[in-house]
Amino acid sequence: MEKTWNNKAWFMVLPVLLLVAFSAVIPLMTVVNYSVQDTFGNNQFFWAGTEWFTEMLTSERFHSALGRNLFFSFIILLIEIPLGIVIALNMPRKGWGVPVCLVLMALPLLIPWNVVGTIWQVFGRVDIGLLGHTLERLGINYNYVQNPMHAWFTVIIMDVWHWTSLVVLLCYAGLVSIPDAFYQAAKIDGASRWAVFRYIQLPKMNRVLLIAVLLRFMDSFMIYTEPFVVTGGGPGNSTTFLSIDLVKMAVGQFDLGPAAAMSLIYFLIILLMSWVFYTVMTNYDAER
Amino acid sequence: MARIDLNHIRHAYGPNPKSDKDYALREVHHSWEDGGAYALLGPSGCGKTTLLNIISGLIHPSHGQLLFNGQDVTNLSTQERNIAQVFQFPVIYDTMTVYDNLAFPLRNRGVAESEIDVKVRETLEMIDLASWSGKKARGLTADQKQKISLGRGLVRSDVNAILFDEPLTVIDPHMKWVLRSQLKQLHQRFGYTMVYVTHDQTEALTFAQKVVVMYDGEIVQIGTPEELFERPKHTFVGYFIGSPGMNVMPVKLAGGTAQIGGHQIQLPTPVTPADAKKIELGIRPEYIRIGRSGMPVKIAKVEDIGRHKIVRTRLENQDIAVIVGEGEDIPADPHITFDPKGINIYADSWRVGGN
Ligand SMILES: Nc1ncnc2c1ncn2[C@@H]1O[C@H](COP(=O)(O)OP(=O)(O)O)[C@@H](O)[C@H]1O
Ligand SMILES: [Mg+2]
């Protein structure tokens, strides 16, 4: 049969294009629009070129917020990934313990972000919170409202509590897919506990771990609600992450131009990170 | 290398076994001689893997005792027992090279690297993967992977025993033949105690000095291939070994004769079994002659399989297979006679008499 060549197929993707246009492209373009203009109110805009971008990229405020974000992501990955692996390794593989563990693990994941924030806000209070009160009793002068270290500690513990389960569940899924024969062969070969982990369990978890790192990185890089509820970005600016800063700038100070430039930079960073992870993962798959 | 005694071993997977039915291994009481090459033969689900796992220590038996060279090892770990075991389906360490896979069991035991190198290279030659030694094991085909599994068992020459659990299932027929003869050679060279599980009778009969037949959680017979063929202790052995299997038919015993329907068959030696529910006569198709005298039969089918013909006959209500040489004729009015040499009598499936 003769093939017909024309451009009719484009009509079929048109609905999707329209949808994407309304949901993503148009809002994004308004942001782009703001980022290159200046306004003094009255809906009067002036061309500003790359001024806001330059200002943002060279501003101390942006650098420190970005630094805090990266540091936060780094710390929680450092805790959540190993902790998740250890918990997954110790979960039962059969029997009644399995559903119990799974439900317990899934619980924190089901709680909405702002509720998690509220829970920890109360939990950490010295007067009525269990954590705050206990620490106080232990002689530690715990105060997340005034002490930046304590604020960080609280925000990190909160994230670990909220999200380690995700890593656990992903790792567990990898672990239960290992047939018994592998463990039997390892026993026959005289493998140590460490060798079993290194050569049987870790290779099976590799892929899910990569996904876990990606998800946790993205999510922690965009963290907003929980620290906002608990610390409101303080004390001072010590827990002001990019997203919190962005909202302050756009909604609080109504600096639309710089805020728009900042969101675009923020967006590009996340895009870049996604691309890096995607490349790493596809390379890893190709190698298999 | 060791002599292995299984002392009244029983095993149930469930927690509270009550009747015999709950046991995957009903009772095994048997010795594997030091340096013996055994084939463990039996249908799927009869407990072969369970038995091997008990010997290697992967499973702790519910009852009974296991001795290596007279020493009780029932409570020792797999590692302390120092046994090599090759499983039915390949297990390889994905992220390691072929070489490292073979070196792994030796490294875990702290063998010197120079000695490891010699052993590994020798084993790689044997399983024909020498040119693959530096490759990652993950990309290999199923039979190459199985050869690596096999190699990890063979690389350790100081083991108490090597257990093979249907190791050649996924390997192509030619390679199967090659590997089997290599295993045989290895056995002669190193004198391992070897147990080779299979459900393929030709594999069992060519490989082993002694064949152990299991059925339904029990060992029903141990013997040389000839013994299993000539005097099956249990009707199951009769069916399972030989192609086609033994003819087994219900009979009534009276004095020195057995009655099949209206026919009398003179027994080589008189048998008087204690009160049994079921008396049967077993005779292999090889020991039945077809001719013009004897018991009249109808012929249902003749299968020509080259070297000989299998004649499916009916004697009254009983199906009887007969093997006839390629050149022999089948008369128009066929009768069969039983060669007394091949007659076995079974009471409740266990052999009580015959030649
Ligand atoms: N892990 C297990 N849990 C419960 N039952 C099992 C297990 N492994 C084997 N069995 C049962 O024990 C019996 C013997 O199994 P197995 O030793 O694997 O037989 P074979 O290797 O001869 O095929 C079978 O009835 C099987 O269903
Ligand atoms: Mg089996």
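Each chain has its residues counted from 1, running along the sequence as written. Written order decides the labels, with chains lettered from A and ligands numbered from 1. In keeping with the model being predicted, local features are shown solely for residues with a pLDDT of at least 70 and side-chain atom pairs are shown and tallied solely at 80 or more, while totals for entire chains, interfaces and linings include all residues. Side-chain descriptors were evaluated using all non-hydrogen atoms of the structure, hydrogens and water having been removed beforehand.

**Q** What exactly am I supposed to notice about the overall build of chain A here?
**A** In DSSP terms, a helix is any run of H or I states spanning at least four residues, a strand is any run of E spanning at least two, and both are numbered starting from the N terminus. A tally of regular secondary structure across chain A gives 12 helices and 2 strands. Shown N-terminal to C-terminal, the secondary structure of chain A runs as helices and strands in the order α-β-β-α-α-α-α-α-α-α-α-α-α-α. Relative to the 2.2 N^0.38 estimate, which gives 19 Å for 288 residues, the radius of gyration of chain A is 24 Å and therefore markedly larger than a compact globule would have. Overall, chain A is about 85 × 75 × 30 Å in size when its C-alpha atoms are taken along their principal axes. All radius of gyration figures rest on C-alpha atoms, and the globule criterion is 2.2 Å times the number of residues raised to 0.38.

**Q** Is there a simple way to explain the site of ligand 1 in this structure?
**A** All names here are of chain B. Lining the immediate surroundings of ligand 1 are Y13, A24, P43, S44, G45, C46, G47, K48, T49 and T50. Side-chain polar atom of T50 to an oxygen atom of ligand 1: 2.5 Å apart, as the coordinates give it. Following the grouping adopted for this structure description, the nonpolar residues are Ala, Val, Leu, Ile, Met, Phe, Trp, Tyr, Cys and Pro, the charged ones are Asp, Glu, Lys and Arg, and the polar ones are all others, Gly among them. Residues of the shell around ligand 1, tallied by class, amount to 4 nonpolar, 5 polar and 1 charged. Here, proximity means that at least one heavy atom of the residue falls within 4 Å of the molecule or strand. In protein, a polar contact means a hydrogen-donor-capable atom and an acceptor-capable atom, both N or O and within 3.5 Å, with residues adjacent in sequence counting only if both atoms are side-chain atoms; elsewhere, any N or O pair within 3.5 Å suffices.

**Q** What's the story with the nonpolar core in this structure? I'm lost.
**A** Most often, soluble globular proteins have nonpolar side chains that are buried together. Grouping buried Ala, Val, Leu, Ile, Met, Phe, Trp, Tyr and Cys residues that are joined through side-chain atoms within 4.5 Å yields what is termed a nonpolar core. Burial here depends on accessible area, computed with a 1.4 Å probe over protein chains only, as a share of the maximum for the residue type. Under 20% is buried, over 50% is exposed, and the range in between is partly exposed. With 55 residues, the main nonpolar core has A:M205, A:F221 and A:L242 as its most contacted residues. Of all the secondary-structure elements, those providing two or more residues to this core are α2 (51–58), α3 (60–90), α4 (97–110), α7 (148–176), α8 (180–188), α9 (193–221), α11 (242–252) and α12 (256–287) of chain A. Here this core gets 12 residues from one element, more than from any other, and that element is α9(A). Leave out the neighbours within four places in its chain, and A:L242 touches A:F62, A:A65, A:L66, A:N69, A:F221, A:M262 and A:Y266. B:M175, B:F207, B:A208 and B:V220 belong to the second-largest nonpolar core, a separate cluster that totals 30 residues. Throughout, a residue-residue contact means that at least one pair of heavy atoms, one from each residue, lies within 4.5 Å.

**Q** Teacher, can you tell me more about the sheet that holds strand β22 (residues 344–347) of chain B here?
**A** One key point about sheets: their strands pair by backbone hydrogen bonds, in either a parallel or an antiparallel sense. Residues and elements named next belong to chain B. Taking strand neighbours across the sheet as the criterion, the 4 strands line up as β11-β15-β22-β23 in an open arrangement whose pairing is antiparallel. At either end of the open sheet lies a strand with only one pairing partner, and these are β11 (247–250) and β23 (350–354). Sheet twist, expressed as the mean angle between neighbouring strand axes with direction ignored, is 30°. As paired strands, β11 and strand β15 (residues 279–283) are joined by 4 bridges and run antiparallel to one another. Pairing of N247 across the sheet is with I283, part of β15. DSSP bridges decide pairing: two strands pair if at least two such bridges lie between them. Here an axis means a line fitted to C-alpha atoms, over the contact stretch when the element is a helix, while the angle between two N-to-C directions is reported on a 0 to 180 degree scale.

**Q** Hey, could you run me through the side chain of B:R180 in this one?
**A** All names here are of chain B. Mapped onto the elements of the fold, R180 is located in helix α6 (residues 173–190). Accessibility expressed as a relative area gives 15% for R180, which makes it buried. The contact partners of R180, leaving out residues within four places of it in the chain, are E203, T206 and F207.

**Q** How should I be thinking about the interface of chain A and chain B in this particular structure?
**A** Size of an interface: often given as the accessible area lost when the parts come together. Listed by partner, the interface residues are 17 residues for chain A and 22 residues for chain B. Of all residues in chain A, A:I188, A:D189 and A:Y199 give up the largest surface area on contact with chain B, accounting jointly for 39% of the area buried on that side. Between Lys or Arg on one side and Asp or Glu on the other, a salt bridge is scored when a side-chain nitrogen of the former is within 4 Å of a carboxyl oxygen of the latter. For the interface between chain A and chain B, the tally reads 1 salt bridge. The salt bridge involving A:D189 is made with B:R152; its shortest N-O contact spans 2.8 Å. Taken together, chain A and chain B are joined by 6 residue pairs in polar contact (both at pLDDT 80 or more). Mapped onto the side of chain A that touches chain B, the elements with two or more residues apiece are α8 and α9 of chain A. Looking at the side of chain A that touches chain B residue by residue, the classes come out as 10 nonpolar, 2 polar and 5 charged. Summed over both partners, the accessible surface that disappears when two parts come together, traced with a 1.4 Å probe, is what is meant by buried area.

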